[in-house]
Amino acid sequence: MSEILSALGALRRPRLLIRAARHGLADYSRDRTLMRLIEAGHSIAPEAAVQKLMQVEARIEIDRQKGDGTYSVARHIELLIALMAEARMLVRPMRESDRA
C-alpha cells in the first residue's frame, strides 16, 4: 500500500485541476462515481480502486498534455476527485489503527 501512496504523492498536475477536485470531494459518491469511471461497484477495495483510477487518469493526463481533442476536463476532475477520496479511505484506517 505504501507504493500506491508514494505514487499518488508523486503525481504532478496543474494547480487548477487539483483545486477543482478538492472542491468536489464533499459531493463524492463512491457507488455512482466508481461505476461510471472504472466500471466497479462499492464492493471494490479502496486499494484496487486507486490502482484502476490511477491507470485511467494517467491515460487522460497524456491526452491533456498532447492537446487531444477528446480530452475532457470534467472527466479528469472527476477522476482526481475519486482518487483523492479513495486515497483518504486508504489512509484513514491506518491512522485509526495508530490510535489504538
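Residues numbered from 1 in each chain as written. Predicted model: local features only at pLDDT ≥ 70, side-chain atom pairs only at ≥ 80, totals over all residues. Heavy atoms only, no water.

(A) Looking closely at the packing of helix α3 (residues 30-38) against helix α4 (residues 46-66). It is at 11 Å that the axes of α3 and α4 come closest, and there the two elements cross at 45°. For the element pair α3 / α4, the angle class is oblique. Judged by the twist between their axes, the crossing of α3 over α4 is left-handed. Here Arg-30, Leu-34, Leu-37 and Ile-38 of α3 lie close against α4, whose contacting residues are Pro-46, Ala-49, Lys-52, Leu-53 and Val-56. (Axes fitted to C-alpha atoms, helices over the stretch in contact; angles between N-to-C directions. Helix = DSSP H or I, 4+ residues; strand = E, 2+ residues; numbered from the N terminus. Parallel < 35°, antiparallel > 145°, perpendicular 65-115°, else oblique. Left-handed = near helix turned anticlockwise from the far one by under 90°. Contact = heavy atoms within 4.5 Å.)

(B) The side chain of His-76, seen in detail. Secondary-structure assignment places His-76 in helix α5 (residues 73-99). Owing to a relative accessible area of 0%, His-76 belongs among the buried residues under this scheme. Polar side-chain contacts of His-76 include one of 2.8 Å to the side chain of Tyr-71. (Buried < 20%, exposed > 50% of the residue type's maximum accessible area, 1.4 Å probe, protein only. Polar contact = N/O pair within 3.5 Å; in protein donor to acceptor, adjacent residues only side chain to side chain.)

(C) Representation of α3. Regarding α3, the residues found buried are Arg-30, Thr-33, Leu-34, Leu-37 and Ile-38. When α3 is viewed along its axis, its buried side chains cluster within an angular range of 95° and face the same direction. The positive-phi residue at the C-terminal boundary of α3 is Glu-39, with phi of around 55°. (Arc of directions from axis to C-beta.)

(D) Main features of the nonpolar core. In this structure, Leu-34, Ile-38 and Leu-53 are the most contacted members of the largest nonpolar core, which totals 27 residues. Among the elements of the structure, α2 (15-24), α3, α4 and α5 are those that each provide at least two residues to this core. With nine residues, α5 is the largest single contributor of residues to this core. Leave out the neighbours within four places in its chain, and Ile-38 touches Ile-44, Ala-49, Lys-52, Leu-53 and Val-56. (Core = buried A, V, L, I, M, F, W, Y, C linked by side-chain atoms within 4.5 Å.)

(E) Examining the confidence of the model for the chain more closely. Per-residue pLDDT for the chain has a mean of 85; in total, 87% of the residues score no lower than 70. Here helix α1 (residues 2-10) stands out as the element of the chain with the lowest mean pLDDT, 70, in contrast to α2, whose mean of 93 is the highest. (pLDDT = per-residue confidence, 0-100.)

(F) How the structure looks around the pattern of salt bridges. Per the counting criterion, the structure on display carries five salt bridges. In this structure, Arg-64 and Glu-61 form a salt bridge, with 2.5 Å as the shortest nitrogen-oxygen distance. Note that Arg-64 and Glu-61 are positioned in helix α4 at a spacing of three residues, about one turn of the helix. Residue classification places Arg-64 among the partly exposed positions, given a relative accessible area of 28%. For Glu-61, a relative accessible area of 4% puts it in the buried group. Several salt bridges converge on common partners, so that one network encompasses Arg-13, Glu-57, Glu-61 and Arg-64. (Salt bridge = Lys/Arg side-chain N within 4 Å of Asp/Glu carboxyl O.)

(G) Highlighting α4. Taking 1.5 Å of rise per residue, the 21 residues of α4 would be expected to cover 30 Å, and the 30 Å separating its terminal C-alpha atoms lies within 8% of that figure. Residues of α4 that are buried include every one of Ala-49, Val-50, Leu-53, Met-54, Val-56, Glu-57, Ile-60 and Glu-61, and no others. Residue Gly-67 follows α4 closely and has a positive phi angle near 75°. (Expected span 1.5 Å × (residues − 1).)

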